[in-house]
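Descriptive structure summary
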Amino acid sequence: MFARVLELSVVVGGAAAALYLVVIRQLSTIPLPMAVPWLLLATGYAASELTVVHIEFRRDAHSVSLNEIPLVLALVFASPGHIVVAHLIGAGAVLVFHRRQAALKLIFNLAHFALEDCVAIVVFHTLIGSAIRVGPSLWIAVGAATLAAATVSVLCVSVVIWVHQGRVDLAQLRAVVGVAFIGAIFNACFGLVAVTVLLADARGAALLAAIAAILFVAYREYASLRQRNASLELLYEFTQAVRGSGDAEQIVTDVLAQARDMLRADIAELAVLPSGATSGIDWLILEGDEQTPTRTVEPSLHASLAALLESGRPVVGPRTSREPRIRAHLAQRAQRDCIVAPLVADGKVLGILTVANRLGDVSTFDDQDGRLFETIAAHTSVTLQNARLVDRLRHDALHDNLTGLPNRVFFQQRLADLLLRQRPTDPQIAVMLIDLDRFKEINDTLGHATGDLLLQEVARRLRRGVADRVTVARLGGDEFALLDPAQDGPDGAVALAKHLREELHQPFAYQDLELEVSATIGVAIAPDHGRDASTLLRRADVAMYAAKNTTAGVAAYGENLDDHSPRKLALVGELRTVIERDGLTMHYQPKLEMATGRVVGVEALVRWPHPVAGLVPPDEFVPIAERTGLIGPMTDFVLRTALAQSRRWREDGHDLSVAVNLSARSLLDTDLVGDISRVLTESGVDPSRLILEITETSVMSDAEYAMQVLNRLAAMGLTLAIDDFGTGYSSLSYLKRLPVDEVKIDKSFVLNMQEDENDAVIVRSIIDLARNLGLRVVAEGVETMATWAALRDMGCDIAQGYVISRPLPADQLGAWLETMTPMPVA
């Protein structure tokens, strides 16, 4: 680029030299009416360069030189050689010492000044003839010469622009040509008036000087007044534009655009200093005609900028400044001139606003611009501070204060937005609800401060365990949620959920303690499980509660889990009718004493023979009964039916205990003890022959109240058993206090104890623990003789499972009792 401009300068200068040597030197000499020394002309050229008239509107800035006035005087009162020399020396001195133009630009300007003069001289001498006389011929010659010089100037500048940018904006070129020609004609007219006056009486120069000075001062005052009015109008527009901005991001864009336009600058910059949540300087730059600022992040302020802001006040850096701090800053930022102002609110510096590179070749920033910019900075400070407060309020409204995670509102909005944009070809969207187990126990034992620390660590682990695309939210309490917009399906989501559950299961260090919590996670997938946010969240909640009844602790939604699925809704109405009409049936699974091989009891299991769906499994309709308030009538039916059957078996010579499962909801029923007492009285069965099986989880849901109920039942002479032992809380402190007589090992351990040594160890430990506590041990899920033998060798008391018999209706069990094959006892 440098070489091309230099080549252009050489071409232009060469053309001027050739024109002078070949044409101008051959022109015949015209008698001059008055000789003006070239040094005086040089002074005139210098004055015209110093008194450039600036025509500015918004971001358009045009500088109109007065060079044509001394040119007109020189054409009439000086020789061609003196014209060129005076112009180059006078204008060149201003360019070097006042404007401090770079060497390349200076060379080009001097070259095209010389070419302008040579072309003007040729045109003037061609048209003026052999003598200079005041009149139309002189007017035409001068007008044509000045227009020719203006044309040369426009062409030279256009070529330079083309060299730099590779193109020429035709609209801009037309505007430049118009301003240049109008200025040339005005200057030529003024110069001709001066020539006419001087030819009439040389003493008229004093009058011309006075008129010129008055016009110049009047213009400066008019321009200043107009600029102030324009500044007020622009400031009003600035405040309206900034006030109408939405968030801080939009405010920054509007501030940069408005500041750039108001100060007629090419560059507007904003350095946003770090707040509590950010680090580094957020640097935004709006340059040229860009509408969106470019953004970079820098670790610290430029040293030169920090030095400028030591005073805490705006700093005006015109291109003529000699102050070292300003020159250092302009050099570091590669800028011609600038204004820099700090943005201060509540005594804090929020950022630094800068405009740089004033439009126009000679125009630069002054103190009046600095005062306007200070007002802009003050407005910007208040607006930006308010925007930050609004953004903070918005952030707080959508985020959890304790963990910093998005809250329920944010999560639901994000989910709704993703579902709205989801297309059939897009990946599936996974929603996961996470509930912490044992958090309440830790919170109550160690205090809320410890609970808060635990929740914060859970949040960190969840964020660390997922990809950046995944939204992690805290919905409230100990409930969290995840939103993955790009899952392959339920299997991938369940795998992620299991990974997160393992992460959360790792001990949490607290002082000298290691706290352990587990998590239950429910998964729902869009669009398979729902197409709106409320449906997906509800179904993920259904899956989460289903997961609480599994050892894996993770479950994906399925219609069989949902009480509100069409099938479940139909079952609710039918179940109520079936219970009212005693339409349920009972099956009984025998339990054998391992030491003797004799049948000592049965477990009563409720069944629902549906006329259309067939035999509905208990896992499907019992939860419905619990959630719809039907568990009470169902439990009453089971107790009445089982005890009545127990009495009939006793009458037939089979003294069997009967075990009935109690749900958590039944255990908390205030009428439970009275209802059981009534049914026992009605059946005539000895209370000791009724075994009530309860789970560890049902006891721990409200341990103190459950303890009171169990003590009252034990006082009635009933036998109490802990069902599914080993899968719940397994709190030894509560186990010692509970008035239970036996424990039932969960079948998940018994089924695999032959293949899984860990399960075998667990079974042996439970048997040893129960014996030490004086409790009977019942193993359910005994399906092979090998398992029977192993349990017998371990000292298990009672076995129940398919190796003995499947659950049977009462009449079939009676026949089985008569024909059963004894089990080996040794």
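Reference entry: report on the structure contained in this document.

Cut-offs applied
- Residues numbered from 1 in each chain as written.
- Predicted model: local features only at pLDDT ≥ 70, side-chain atom pairs only at ≥ 80, totals over all residues.
- Heavy atoms only, no water.
- Helix = DSSP H or I, 4+ residues; strand = E, 2+ residues; numbered from the N terminus.
- Buried < 20%, exposed > 50% of the residue type's maximum accessible area, 1.4 Å probe, protein only.
- Contact = heavy atoms within 4.5 Å.
- Areas by Shrake-Rupley, 256 points an atom, 1.4 Å probe, with all protein chains shown as cover.
- Arc of directions from axis to C-beta.
- Core = buried A, V, L, I, M, F, W, Y, C linked by side-chain atoms within 4.5 Å.
- Pairing = 2+ DSSP bridges.
- Axes fitted to C-alpha atoms, helices over the stretch in contact; angles between N-to-C directions.
- Parallel < 35°, antiparallel > 145°, perpendicular 65-115°, else oblique.
- Left-handed = near helix turned anticlockwise from the far one by under 90°.
- Nonpolar A, V, L, I, M, F, W, Y, C, P; charged D, E, K, R; others polar.
- Salt bridge = Lys/Arg side-chain N within 4 Å of Asp/Glu carboxyl O.
- Phe/Tyr/Trp six-rings, centres within 6.5 Å; stacked < 30°, edge-to-face > 60°.

Regarding the overall build of the chain
- Along the backbone of the chain there are 29 helices and 25 strands.
- Burial status across the chain gives 48% buried among its 826 residues.
- Here the contacts in the chain between residues at least 6 apart in sequence split such that 67% fall between residues at least 24 apart.
- Carbon and sulfur atoms form 57% of the exposed surface of the chain, whose accessible area is close to 39,500 Å².

Brief notes about helix H19 (residues 618-628)
- For H19, every residue scored as buried is listed here: Glu620, Phe621, Ile624 and Ala625. Buried residues along H19 cover an arc of 120° about the axis, so they all sit on one side.
- Looking one or two residues past H19, glycine 629 carries a phi angle of roughly 80°, positive in sign.

Description of the nonpolar core
- One finds Leu575, Leu690, Leu692, Leu713 and Leu791 to be the most contacted residues of the largest nonpolar core, which totals 82 residues.
- Listed in part, the 46 residues of the second largest apolar core include Leu41, Ile83, Val122 and Val195.

Thoughts on the sheet that holds strand E11 (residues 479-487)
- Spatially, five strands are ordered E10-E11-E9-E14-E15 in an open sheet, and the strand pairing comes out mixed. The open sheet has two free edges, formed respectively by strand E10 (471-476) and strand E15 (554-556), since each of these has just one partner strand. The mean angle between the axes of side-by-side strands here comes to 20°, regardless of whether they run parallel or antiparallel.
- Both strand E14 (residues 518-526) and E15 contribute to a ladder of three bridges, which runs parallel. Counted as the bridge partner of valine 523 is alanine 556 from E15.
- Contacts between helix H13 (residues 408-421) and the sheet are confined to strand E9 (428-437), E10, E11 and E14, with E11 contributing the most and set at about 20° to the helix.

Some words on the side chain of asparagine 357
- Take asparagine 357: it is sitting in strand E8 (residues 348-358).
- Beyond its immediate chain neighbours, meaning those up to four positions away, asparagine 357 contacts Arg264, Ala265, Asp266, Ile267, Gln335, Arg336, Asp337 and Phe365.

What about the packing of helix H20 (residues 631-651) against helix H22 (residues 672-683)?
- At a closest axis distance of 9 Å, the pairing of H20 and H22 adopts a crossing angle of 30°. Viewed along their axes, H20 and H22 adopt a mutual orientation that is roughly parallel. Classified by chirality, the crossing of H22 by H20 is right-handed. Contact with H20, carried on its side by Asp636, Leu639, Arg640, Leu643 and Arg647, involves Ile676, Arg678, Val679, Leu680, Glu682 and Ser683 of H22 and no other residues of that element.
- Class assignment for the residues of the contact of H20 with H22 results in five nonpolar, one polar and five charged.

Focus on the pairing of strand E19 (residues 657-661)
- Taken across its five residues, E19 has four buried, putting it largely inside the fold.
- Where strand E17 (residues 599-610) lies against E19, three bridges are found, and the strand directions are parallel. Counterpart to valine 602 in the pairing with E19 is valine 658.
- As paired elements, E19 and strand E20 (residues 690-695) share four bridges and run parallel to each other. For valine 660, the partnering residue across the bridge sits in E20 and is leucine 692.

Side note on unusual backbone geometry
- Here the residue pair alanine 526 and proline 527 is connected by a cis peptide bond, since its omega of 10° sits within 30 degrees of zero.
- Within the element layout of this structure, proline 527 appears in the loop between E14 and helix H17 (533-547).
- Phi at arginine 264 takes a positive value of approximately 50°, unusual for a residue other than glycine.
- Mapped onto the elements of the fold, arginine 264 is located in the loop between helix H9 (248-262) and strand E3 (265-272).

Details of the pattern of salt bridges
- One pass over the structure, following the stated rule, counts 24 salt bridges.
- Residues aspartate 400 and arginine 474 are paired through a salt bridge, measuring 3.1 Å at the closest nitrogen-oxygen approach. Here the residue aspartate 400 occupies a position in the loop between helix H12 (367-398) and H13, and arginine 474 occupies one in strand E10, the gap between them amounting to 74 residues. There is no split in this pair, since aspartate 400 and arginine 474 are both buried.
- For aspartate 793, the salt bridge is made with arginine 792, and the minimal N-O distance between the two is 3.7 Å.
- By relative accessible area, aspartate 793 is classed as exposed at 62%.
- Connected through salt bridges with shared partners, the residues Asp582, Asp636, Arg640, Asp675, Arg678 and Glu682 form a single ionic network.

Focus on the packing of aromatic side chains
- This structure, assessed with the given rule, holds two aromatic pairs.
- Between the aromatic rings of tyrosine 588 and tryptophan 649, the centroid separation amounts to 5.1 Å while the plane-to-plane angle is 80°, which identifies the pairing as edge-to-face. A residue pair is termed long-range when its members are at least 10 positions apart, and tyrosine 588 in strand E16 (residues 585-593) and tryptophan 649 in helix H20 qualify at 61 residues. Assigned by exposure class, tyrosine 588 and tryptophan 649 land together as buried.

Describing helix H11 (residues 324-333)
- Along H11, the positions that sit buried rather than exposed are Ile326, His329, Leu330 and Arg333. Looking down the long axis of H11, one finds its buried residues gathered within 95° of arc, a one-sided arrangement. Counted as exposed and oriented over 90 degrees from the buried face of H11: Pro324 and Ala331.
- At the C-terminal side of H11, alanine 334 shows a positive phi close to 55°.

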